[in-house]
There are 2 protein chains.
Amino acid sequence: MSSNRDIDALIDMMAKLPGLGPRSARRAVLHLIRKRELRMTPLADLMHTVAATARECGNCGNIGTEDICDICTSEKRANGMICVVEDVADLWAMERSGVFKGRYHVLGGTLSALDHVGPDELRIPHLLNRIEAEDVTEVILALNATVDGQTTAHYIADQLDGRVRLTSLAQGVPIGGELDYLDDGTITAALNARKTL
Amino acid sequence: MSSNRDIDALIDMMAKLPGLGPRSARRAVLHLIRKRELRMTPLADLMHTVAATARECGNCGNIGTEDICDICTSEKRANGMICVVEDVADLWAMERSGVFKGRYHVLGGTLSALDHVGPDELRIPHLLNRIEAEDVTEVILALNATVDGQTTAHYIADQLDGRVRLTSLAQGVPIGGELDYLDDGTITAALNARKTL
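Thresholds applied
- Residues numbered from 1 in each chain as written.
- Chains lettered and ligands numbered in written order.
- Predicted model: local features only at pLDDT ≥ 70, side-chain atom pairs only at ≥ 80, totals over all residues.
- Heavy atoms only, no water.
- Domains from an automatic or database assignment.
- Pairing = 2+ DSSP bridges.
- Helix = DSSP H or I, 4+ residues; strand = E, 2+ residues; numbered from the N terminus.
- Axes fitted to C-alpha atoms, helices over the stretch in contact; angles between N-to-C directions.
- Contact = heavy atoms within 4.5 Å.
- UniProt positions renumbered as here; feature names shortened; annotations may be inferred.
- Buried < 20%, exposed > 50% of the residue type's maximum accessible area, 1.4 Å probe, protein only.
- 1 Å grid on protein atoms, 1.4 Å probe; cavity = no way out; pocket = protein on both sides within 12 Å on 5 of 7 lines; lining within 4 Å.
- Points joined across faces, edges and corners; volume = space filled by probe spheres on them.
- Nonpolar A, V, L, I, M, F, W, Y, C, P; charged D, E, K, R; others polar.
- Left-handed = near helix turned anticlockwise from the far one by under 90°.
- Buried area = accessible area lost by both parts, 1.4 Å probe.
- Salt bridge = Lys/Arg side-chain N within 4 Å of Asp/Glu carboxyl O.
- Parallel < 35°, antiparallel > 145°, perpendicular 65-115°, else oblique.
- Core = buried A, V, L, I, M, F, W, Y, C linked by side-chain atoms within 4.5 Å.
- Patch = residues over 30% accessible without salt bridge, like charges linked within 9 Å, V, L, I, M, F, W, Y side chains within 5 Å.
- Areas by Shrake-Rupley, 256 points an atom, 1.4 Å probe, with all protein chains shown as cover.
- Right-handed = clockwise from strand over helix to strand, strands pointing away.

Colleague: What should I look at first to understand the domain arrangement of chain A in this one?
Modeller: Quoted interface sizes are often the accessible area lost when the parts come together. If you check the domain split of chain A, you get domain 1 (2-53) and domain 2 (63-168). When each unit is reduced to the centre of its C-alpha atoms, the spacing between domain 1 of chain A and domain 2 of chain A is 34 Å.

The structure is reproduced here in structure tokens:
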């Protein structure tokens, strides 16, 4: 493409990142080459730093630079609530909203018979241990509203067996959402969960 | 976002690349962190290599790792044709098609009164020198079909003043294009340049 081996290899690598394809990878690499001192070298340095320091929190599964992440070590966040999410990306999404003040538990996926993912692959036993160890009073299931997500939610509910209060995120019309564009399932859920004004 | 400074800084940097936004940057960074040894470290290494070695070809303006790029040093490509492009990305696009076997000249933009870009900012004088020095017989203008691109084409035509054969890329219906989705200008151009079957 660029008639240069290293540059082509860099474009190939960038093109394999999720959300990027060959075209956007080429644009990104050209942009980086044009600003190689201002952008490319600092980006490469930072990647090395993060590659060397990033690790999974041994308690909740969040990604940070400590063996136990900031959220798990913060005493302020020990309010007896654990929010269960599928993925680190979901944890970050919850944190961006800034509303939840408890701790998290990242499952690392959902139960899936098709993909041979069972409870032990998902840190569900570890969740049950944490409920005892951290005096948890409420578990909030913030799993995706997919079939596998809901199967996982039911399995966790079975395992907890009423030991703590178990809640899940409300389902309904998203803020700013237009009814016309919503799928039938969401409208049904929103109608069933309707509230008295 | 991730409650970690380095990771957040990395996401911010990635989000500034063209074609990426905050959401895709987060996905890309999470992907890299999960595969940090397999993907992130090699990517960072390669960025350092390219940042250290990439440079503009002193002759045509292509980006490579030598002072004069492979295309300019290859004797095979000294066929008397120079293809004039606005940008390195355009040069790479031409090379992907694999059809053009001559050399290139990257202008580095287009003439633009609004942005105060004159001929001297665009390596146009250098193009005129090359025409003498490299025994050029044909200059192909492969400039974008924008107002500024066409202004630049006219300016170059004036400067060459018939010294060499001057051609430009054909305009018309793109391969696989459907008339229904084409703009009026393209249809007009295709109609005016119609060919006898």
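Colleague: Help me understand the sheet that holds strand β3 (residues 81-85) of chain A, please; the structure alone is not making it clear to me.
Modeller: All names here are of chain A. Reading across the sheet, the four strands line up as β4-β3-β5-β6 and stay open at both edges, with parallel pairing between neighbours. This sheet does not close on itself; its edge strands, each paired only once, are β4 (103-106) and β6 (165-168). Direction aside, neighbouring strands of the sheet carry axes that sit 25 degrees apart on average. Bridge count between strand β5 (residues 138-141) and β6: four bridges; the pairing is parallel. From the neighbouring strand, V139 faces β6, where its bridge partner is L166. Against the sheet, helix α5 (residues 88-97) touches β3 and β4, its axis set at about 160 degrees to β4. Where helix α7 (residues 147-160) meets the sheet, it contacts β3, β5 and β6, and its direction lies at approximately 165 degrees from that of β5.

Colleague: Any chance you could explain the sheet that holds strand β4 (residues 103-106) of chain B here in plain terms?
Modeller: All names here are of chain B. Pairing in this open sheet of four strands is parallel, and the strands run β4-β3-β5-β6 from one edge to the other. The strands lining the two open edges of the sheet, one partner per strand, are β4 and β6 (165-168). Recorded for the sheet is a direction-independent mean angle of 25 degrees between the axes of neighbouring strands. Along the sheet, helix α6 (residues 124-133) contacts β3 (81-85), β4 and β5 (138-141); its crossing angle with β4, the most-contacted strand, is approximately 160 degrees.

Colleague: Help me out: how do you make sense of the UniProt feature "zinc finger region: C4-type" (unreviewed entry) in chain A in this one?
Modeller: If you check UniProt for "zinc finger region: C4-type" (unreviewed entry), the listed places come out as residues 57-72 of chain A in our numbering. The annotated region residues 57-72 of chain A carries 19% helix and 12% strand content, and the separation between its end C-alpha atoms amounts to 8 Å.

Colleague: Any chance you could explain the pairing of β3(A) here in plain terms?
Modeller: In the case of a regular strand, side chains alternate between the two sheet surfaces. Residues and elements named next belong to chain A. Of all five residues in β3, four are buried, a share of seventy percent or more. Strand direction decides the pairing type here: β3 and β5, joined by four bridges, are parallel. Bridge pairing in β5 links I82 to V139. Bridge analysis of β3 against β4 gives four bridges, and the strand direction is parallel.

Colleague: Would you mind showing me how to read the layout of surface pockets here?
Modeller: Rolling a probe over the atoms, with the probe sized like a water molecule, indicates the empty space that remains. Put simply, the largest pocket is a space of about 520 Å³. What lines the largest pocket is a set of 21 residues, among which A:L143, A:N144, A:A145, A:L169 and A:Q171 lie closest to the centre. Per element, the largest residue contribution to the lining of the largest pocket is four residues, and it comes from α7(A). Looking at side-chain class alone, the lining of the largest pocket contains twelve nonpolar, eight polar and one charged residues. Looking at the second largest pocket, its volume works out to about 380 Å³. Forming the walls of the second largest pocket are 16 residues, and the residues nearest its centre are B:L141, B:A142, B:L143, B:N144 and B:L169. Contributing elements (two or more residues each) for the lining of the second largest pocket: α5 (88-97) and α7 (147-160) of chain B. Taken together, the residues that form the lining of the second largest pocket break down as ten nonpolar, five polar and one charged.

Colleague: How do you make sense of the packing of helix α1 (residues 5-15) of chain A against helix α3 (residues 36-53) of chain B when you look at a structure like this?
Modeller: The description of two packed helices rests on the angle between their axes and on the distance between the axes. Running from N to C, α1(A) and α3(B) point in directions that differ by 145 degrees, and their axes come no closer than 10 Å. Considering only the axes of α1(A) and α3(B), their crossing is left-handed. Together, A:D6, A:I7, A:A9, A:L10, A:M13 and A:M14 of α1(A) and B:P42, B:L43, B:L46, B:M47, B:T49 and B:V50 of α3(B) make up the contact between the two elements.

Colleague: Help me understand the interface of chain B and chain A, please; the structure alone is not making it clear to me.
Modeller: Across the boundary between the two partners, chain B contributes 53 residues, which contact 53 residues of chain A. Regarding the contact of chain B and chain A, the summed buried area is about 5000 Å², with carbon and sulfur atoms giving 72% of it. Its largest share of buried area at the contact with chain A, chain B owes to B:P18, B:M47 and B:W92, together 13% of the area lost on that side. Linking chain B to chain A there are two salt bridges. For B:D87, the salt bridge goes to A:R34, with nearest N and O atoms at 2.6 Å.

Colleague: How should the packing of helix α6 (residues 124-133) of chain A against α7(A) be read in this particular structure?
Modeller: Residue and element names in this part refer to chain A. Running from amino to carboxyl end, α6 crosses α7 at an angle of 40 degrees, the nearest separation of the two axes being 11 Å. In terms of their interaxial angle, α6 and α7 are classed as oblique. Like other packed secondary-structure pairs, α6 and α7 cross with a definite hand, here right-handed. The residues of α7 that touch α6, namely those facing I124, L127, L128 and I131, are T152, Y155, I156, Q159 and L160.

Colleague: Any chance you could explain the nonpolar core here in plain terms?
Modeller: Judged by nonpolar contacts, the single largest core of 74 residues is most densely connected at A:L10, A:M14, A:M47, B:L10, B:M14 and B:M47. Discounting chain neighbours no more than four positions away, the residues touching B:L10 are A:L43, A:L46, A:M47, A:V50, B:V29 and B:M40.

Colleague: Just checking my understanding: could you explain the UniProt feature "domain: Toprim" (unreviewed entry) in chain A for this structure?
Modeller: Following the UniProt record, one finds the feature "domain: Toprim" (unreviewed entry) at residues 80-174 of chain A. Secondary structure over residues 80-174 of chain A splits into 36% helix and 18% strand, and the C-alpha atoms at its two ends are 28 Å apart.

Colleague: Honestly, a nonpolar patch on the surface in this entry has me stumped. Any pointers?
Modeller: Taken together, A:V173, A:L179 and A:I187 make up a surface patch of nonpolar side chains, about 250 Å² in accessible area. Among the secondary structure elements, A:V173 is positioned in the loop between β6 and α8 (184-192).

Colleague: Is there a simple way to think about the pairing of β5(A) in this case?
Modeller: By the alternation rule, side chains of β5(A) split into A:E138 and A:I140 and A:V139 and A:L141, which are all buried. Each parallel crossover has a hand, and for β5(A) linked through α7(A) to β6(A) it is right-handed.

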